[in-house]
Amino acid sequence: MEPWFDIQTNLEKTIREVTAEMNIPVADFDASTRLADPRFGDFQVNGALSYAKKKQQNPREVATKIVERLQADNVLNTSFEISIAGPGFINFTLKPSFLVNWLETYASEQLLKTNASALYKDKIFVVDFSSPNAAKQMHVGHIRSIVIGEAISRLLAFCGANVIKDNHIGDWGTQYGLIIYAYKHFLDSKALEADPSEELERLYKKASAITKEDPEALDEARNELVQLQDGEPESIALWEKVNQLSLESIEEIYQKFDIRFDHYLGESFYRDKVDKVYQELTDLKIAEESKGALVVFHPEHSRFATQPFIIRKSDGASNYASTDLATMIYRAEHFKADHIIVITDSRQSDHFEQLQLTSQKWFQATDRKLPTFIMSPLEQS
Ligand code: ARG
């Protein structure tokens, strides 16, 4: 028997069929399979927990009944060890015989390509990786994101996907208030010429330290940011200079890795696109004013019912959320992305979860097609 090529999709489909035979309504049983914690297996399904809760039954007993039925399925039984963990998670571990069979069946490059093409051919993937912050030095997390992002992009291209590599540079954040403030007061021009990224980093750190102690300096740095966001020519010129210097040193690193991006659509690219975001989300009543800021709550969610997704700050300035929402629309409409993959560190997982929840509501209400969104969270470096 030929082993499934696309294991996860087929596993989910079969679980659906088996639960349907057991008269478990689709809506009550989440059959979506996720990659399991490797200690417990390869894939996991959590539907027994919510189903048991709804039926007020013991989740482990429900899981046991489902597992018995799954084990009776010949394909599942020859492919997986199926077990129950914790309160009722169902875990699937691929059997060694399945793995050997898979390797033997799909061993050649051509066969791999042909099968993968059936899944990915002409699908449009935007892969957002590296995405460092200009005016700050790249840290090892950005380098790790380069390696993983490039590997994912090449694999997808091998599979026939249309891959768009987009470097979402952080070039429009609060760091510029600090940098411009420090640039005006503490610049060492010689040091800047010798090693721009080093000097910019020093200026940034100096401004961070001073503004923590000195409220007047903090006010000045804030004011610099406001002027920049208001498009003051002098501030814009300084901002461009800082960005240019910092991109040049970032580019040197990319050259060492021999990687190239298709686009560098950083945060600043979206600065004239955020008003539309505020307008639409307000009109749709997805966003609301709170303490002067524009925020989105997700009442159906345990944490985000009270933890706001701030999409415009109380001083009227845009932030990471505003530009990422505008990015979502741009990637969907301009690139016609089917899938978006962002490779960044796990400290941002709340941000991306809120971004996704907000986009789901927004796209649904405006009849737009939401690309599937995958954030690949890297542990903090
Ligand atoms: N600039 C961010 C950082 O350094 C990563 C950006 C990831 N992409 C995005 N669309 N938010 O952590």
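Our subject is the structure that appears above.
Residues numbered from 1 in each chain as written. Predicted model: local features only at pLDDT ≥ 70, side-chain atom pairs only at ≥ 80, totals over all residues. Heavy atoms only, no water.

K.L.:
Explain the overall build of the protein chain to me, using residue names and the numbers behind them.
P.N.:
When helices and strands are tallied, the protein chain shows 15 helices and eleven strands. Principal axes of the C-alpha set define a box for the protein chain whose edges measure 75 × 50 × 35 Å. Put simply, of all contacts in the protein chain between residues at least 6 apart along the chain, 68% involve residues at least 24 apart. Just so you have it, the protein chain exposes about 19900 Å², and 52% of that area is on carbon and sulfur atoms. Taking the average place of the 42 positive charges on the side chains of the protein chain and the average place of its 58 negative ones, the gap between the two points comes to 4 Å. (Helix = DSSP H or I, 4+ residues; strand = E, 2+ residues; numbered from the N terminus. Contact = heavy atoms within 4.5 Å. Areas by Shrake-Rupley, 256 points an atom, 1.4 Å probe, with all protein chains shown as cover. Lys, Arg positive; Asp, Glu negative; His and termini not counted. Charge placed at Lys NZ, Arg CZ, Asp CG, Glu CD.)

K.L.:
Just give me the short version of the packing of aromatic side chains, but keep the residues and values in it.
P.N.:
Tallied over the entire structure, the rule returns 20 aromatic pairs. An angle of 75° between the planes, with centres 5.6 Å apart, marks the rings of F80 and F92 as edge-to-face. With a gap of twelve residues between them, F80 in strand β3 (residues 80-85) and F92 in strand β4 (residues 89-94) connect regions that are remote in the sequence. What makes F80 buried here is its relative accessible area of 1%. (Phe/Tyr/Trp six-rings, centres within 6.5 Å; stacked < 30°, edge-to-face > 60°. Buried < 20%, exposed > 50% of the residue type's maximum accessible area, 1.4 Å probe, protein only.)

K.L.:
Mind laying out the site of the ligand, listing which residues take part and the relevant values?
P.N.:
As a matter of local geometry, the ligand sits amid D128, S131, N133, H142, H168, Y320, D324, V342, T344, Q348 and F352. Within the side chain of D128, a nitrogen or oxygen atom sits 2.8 Å from a nitrogen atom of the ligand. Between an oxygen atom of the ligand and a side-chain N or O atom of H142, the distance comes to 2.8 Å. If the ligand stood free it would expose 350 Å²; the protein chains cover 94% of that surface. When contributions to the shell around the ligand are tallied by element, the ones reaching two or more residues are α14 (320-333) and β10 (339-345). (Near = heavy atom within 4 Å. Polar contact = N/O pair within 3.5 Å; in protein donor to acceptor, adjacent residues only side chain to side chain.)

K.L.:
How would you explain the environment of L245 if you had to name every residue and give the values?
P.N.:
Tracing the sequence through the fold places L245 in helix α12 (residues 233-257). Distance from L245 to S197, taken between C-alpha atoms, is 7.4 Å for residues 48 residues apart in sequence. Not counting residues within four places of it along the chain, the set of residues in contact with L245 comprises L192, P196 and L200.

K.L.:
How would you sum up the sheet that holds strand β8 (residues 293-296)? Please name residues and give values.
P.N.:
What the three strands build is an open sheet, ordered β7-β8-β9; its pairing is antiparallel. Each edge of the sheet is formed by a strand with only one pairing partner; in this case those strands are β7 (288-290) and β9 (309-312). The mean angle between the axes of side-by-side strands here comes to 50°, regardless of whether they run parallel or antiparallel. Looking at chain direction, β7 and β8 are connected through three bridges and run antiparallel. When the bridges of β8 are listed, E288 appears paired with V295. (Pairing = 2+ DSSP bridges. Axes fitted to C-alpha atoms, helices over the stretch in contact; angles between N-to-C directions.)

K.L.:
So what about the environment of K273? Which residues, and what values?
P.N.:
Checked against the element boundaries, K273 lands in the loop between α12 and α13 (274-283). Considering only alpha carbons, one finds K273 and P233, 40 residues apart in sequence, at a separation of 20 Å. Setting aside anything within four residues of it in sequence, one finds K273 in contact with A326 and Y330. Polar contacts involving the side chain of K273 include one to the side chain of D272, which spans 3.0 Å.

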